[in-house]
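Examining the three-dimensional arrangement
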Amino acid sequence: LLQSGQHSCLAGLKTLLLNVSTAVTRDVLIAFSPTAGPSRMNTTEKGKTGKIHLPREIFQSLSSQTVSVVVSVLNIQQLGLFKEVNQTAQVLDDTVVGITVGESSISGLQDPVQLTFAHGQLPHGVTPQCAFWDPSKGTASLGVGLGTGAVPSTHSHPPVPVAGPAGGWHSSGCVTQPGDRGTVCSCDHLTFFTLLLNPALDASTAKALIAVATAGCGVAMAFSIFTIAFCIFIRCRFRFEETVRINLGLHVNLVGSLFLLNLAFLLNSGLSGRTHPRTCGVLGGLTHYCLLCCFTWMALEGCQLYLLFVKVLGIYIHHYLAKLCLVGWGFPVLVVGVAGGIGSYGEYSIQNMDHQVIAHLCWITSKHLLVHYITNCGYFGLIFLFNMAVFGVVTQKSCSLQGTGAVQGHRKPWKVALVAAGLFCLLGATWALAFLTYGISSASVLYLFTILNSLQGMFIFIWLVVLYYPKTKETTGSLSYIIRHDKTTTASQD
């Protein structure tokens, strides 16, 4: 049911013509490579060969007895085609694969066509994305079909379509399945396909992010100092119950760790790339230590909220705050000590797809990225899940107390929203954006992540001023009053 294929070859263009019966009972398999072009699939063929899987649904839906299948493999660098304006993604091996069946346009396939683009290990920070050429993205080019032109062939088969100079890449209707040896693209239509390699960062984005982070760190350090001074002032100036004094002590330590982290980042961005390897290793360990301290104090803030709101317990442990400090500042020392003992710290280079270095950092080296995934991603992931669970319980309990009239007095809605947002920030929710910095939208998420976290100290300062500055008419609406009321209610029930 599948007749012999015919080949044609021009500079940068290789094609294969297959005459397929519409009564075919098996899917059609075709192999392709950037150098050899398309060919009939050999069942023993392995290695770096790409594959095209055409479902028999395509042929069975056609009315004619036989249909011509044209598969084209194009080198866009040689042909000078498929150039999108302001394109940042790189086309894998400069290769585009075009598939046409008969004279009609085929789309909306229930059983998608599958293309496997073979490749080795992709550079770190690069995300593969299946895409097709959409000529309507720009000015329509001359030609037939979906805005395409035609390249004549020496064989008596339909002309091989090649996209014109206008248009752009789209991914709608295609699903990307990355793998170690290749990426599978499943698409519900036939056209020109490729695999785009999207960089997480380019040189201009990296420089802009560093500039934004540097300015944000300066602002955050200033507000960290304001916050620490404010907490010390109200703790000495006004009389609070012991629970509130412990809370203020927790806030001071968290803000202190943020101050040190911002300071370490400024030193890192200023000295990395021109320091001695040992000095860079020490600076990388210091930055990692400050980051882990921030995460640990966020976890301790969540534990404190859990004890006050969920367990409704007073804190009567002797030297309770001192023991929290031992955990908050001491536990990261153990982690950094172990990581440093195995040589995890040194110069970390951020590269583009051409392996050109666009930024230097003193951090965990590329050879020990597992340390980063365990001690940073894994550790923070657990803290984030716990803190968000506590935040949900606290929010639900506060709303129920407000609804039952347990909390007297009226607080303005904007203050209630600000207190909730501040608590959300205090528990480190903005750091969760780091898990979204992978993929084609990573640049915008990186900007958002950088801005929000560099200004975390300012958010906490505003939150503390609104929440803790004592005003007698609003004291009964504060978190401390809710805690006291809950304790009284629980004691009376017992």
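Rules of the game
- Residue positions are counted from 1 within each chain, in the order its sequence is given.
- Residues qualify for local features only when their pLDDT is at least 70, as the model is predicted, and side-chain atom pairs are given and counted only at 80 or more; totals for whole chains, interfaces and linings, by contrast, use all residues.
- Note: side-chain values were computed over all heavy atoms of the structure, leaving out hydrogens and water.
- Every axis in this analysis is a line fitted to C-alpha atoms, fitted for helices over the stretch in contact. Angles between the N-to-C directions lie between 0 and 180 degrees.
- Secondary structure elements are taken from DSSP: a helix is a run of H or I of four residues or more, a strand is a run of E of two residues or more, and numbering for both begins at the N terminus.
- For classification purposes, an angle smaller than 35 degrees is called roughly parallel, one larger than 145 roughly antiparallel, one from 65 to 115 roughly perpendicular, and anything else oblique.
- For a crossing to be left-handed, the near helix must be turned anticlockwise from the far one by less than a right angle; the clockwise case is right-handed.
- Note on contacts: a residue pair is in contact if any heavy atoms of the two residues lie within 4.5 Å.
- Any residue that is not Ala, Val, Leu, Ile, Met, Phe, Trp, Tyr, Cys, Pro, Asp, Glu, Lys or Arg is counted as polar, Gly included; the first ten are nonpolar and the last four charged.
- Any two of the Phe, Tyr and Trp rings considered here, Trp counted by its six-membered ring, make a pair once their centres fall within 6.5 Å; the pair's planes then place it as stacked at under 30 degrees, edge-to-face at over 60, or tilted in between.
- Buried means the residue's accessible area, taken with a 1.4 Å probe over protein chains only, is under 20% of the maximum for its type, while exposed means over 50%, and partly exposed covers the values in between.
- For every residue, the predictor assigns a confidence score, pLDDT, that lies between 0 and 100.
- By the convention used here, strands pair only if DSSP detects at least 2 bridges between them.
- Defined by distance alone, a disulfide is two cysteine sulfur atoms within 2.5 Å.
- UniProt positions are given in the numbering used here, feature names are shortened, and annotations may be inferred rather than shown by experiment.
- Here the expected span of a helix is defined as 1.5 Å times the quantity of residues minus one.

1. Here's the deal with the packing of helix H3 (residues 203–237) against helix H4 (residues 242–271)
For the pair H3 and H4, the least separation of the axes is 9 Å and the interaxial angle reads 155 degrees. Taken together, H3 and H4 sit at an angle that is classed as roughly antiparallel. Crossing angle aside, the handedness with which H3 passes H4 is left-handed. Residues Ala213, Thr214, Cys217, Ala220, Met221, Ser224, Ile225, Thr227, Ile228, Cys231, Ile234 and Arg235 of H3 form the contact with H4, whose participating residues are Arg245, Leu248, Gly249, Val252, Val255, Gly256, Phe259, Asn262, Leu263, Phe265, Leu266 and Ser269. Here the residues of the contact of H3 with H4 sort into 15 nonpolar, seven polar and two charged.

2. A few points about the packing of aromatic side chains
In total, this model carries 16 aromatic pairs according to the counting rule given. Note on Phe230 and Phe461: the rings are 6.3 Å apart at their centroids and 75 degrees apart in plane angle, and the pair reads as edge-to-face. Taken together, the residues span a long stretch of sequence, with Phe230 in helix H3 and Phe461 in helix H10 (residues 456–468) at a distance of 231 residues. Residue class for Phe230 comes out buried when judged on its relative accessible area of 12%. Taken together, Phe295, Phe380, Phe384, Trp431 and Phe449 form an aromatic cluster joined through their ring pairs.

3. Brief notes about the confidence of the model for the protein chain
Across the protein chain, the average pLDDT comes to 79, with 77% of residues at 70 or higher. Looking across the protein chain, the model is least confident in strand E11 (residues 148–151), with a mean pLDDT of 36, and most confident in helix H6 (residues 320–341), with 95. Across residues 139–164, where pLDDT falls below 50, the model places 48 contacts with residues more than four positions away in sequence or in other chains. Every residue in residues 480–494 is under pLDDT 50, and counting partners more than four places away or in other chains gives 23 contacts.

4. Examining the sheet that holds strand E5 (residues 50–54)
Read across the sheet, six strands follow the order E4-E3-E5-E9-E15-E14 without closing on themselves; strand pairing throughout is antiparallel. Of all the strands in the sheet, the pair left with one neighbour each is strand E4 (37–40) and strand E14 (174–177). Ignoring strand direction, the axes of neighbouring strands in this sheet form an average angle of 20 degrees. The sheet contact formed by strand E3 (residues 28–33) and E4 spans four bridges and is antiparallel. Directly across from Ile30, in E4, lies its bridge partner Arg40.

5. Section: the state of the cysteines
Linking two cysteines covalently through their sulfur atoms gives a disulfide. Taken as a whole and judged by the stated rule, the model has three disulfides. Each sulfur of the disulfide joining Cys174 and Cys187 lies 2.1 Å from the other. On the sign convention where negative means left-handed, the S-S torsion of about 115 degrees between Cys174 and Cys187 marks this disulfide as right-handed. On the criterion of sequence distance, the pair formed by Cys174 in strand E14 and Cys187 in strand E15 (residues 182–187) is long-range, its members being 13 residues apart. The exposure class assigned to Cys174 is buried, which follows from its relative accessible area of 13%. A sulfur-sulfur separation of 2.1 Å characterises the disulfide bridge that pairs Cys280 with Cys362. Here the disulfide of Cys280 and Cys362 is left-handed, its torsion about the S-S bond being about -115 degrees.

6. A closer look at the UniProt feature "transmembrane region" (unreviewed entry) in the protein chain
The feature "transmembrane region" (unreviewed entry), as given by UniProt, occupies residues 208–234, 246–266, 286–309, 321–345, 373–395, 416–440 and 446–469 in the numbering adopted here. Across residues 208–234, helical content stands at 100% and strand content at 0%; the span's end C-alpha atoms are separated by 39 Å. Here residues 321–345 runs as 84% helix and 4% strand, with 32 Å between its end C-alpha atoms.

7. Observations regarding H10
Taking 1.5 Å of rise per residue, the 13 residues of H10 would be expected to cover 18 Å, and the 18 Å separating its terminal C-alpha atoms lies within 8% of that figure. Along H10, 10 of the 13 residues are buried, which leaves the element largely enclosed by surrounding structure. Residues of H10 that are buried include every one of Gln456, Gly457, Met458, Ile460, Phe461, Trp463, Leu464, Val466, Leu467 and Tyr468, and no others.

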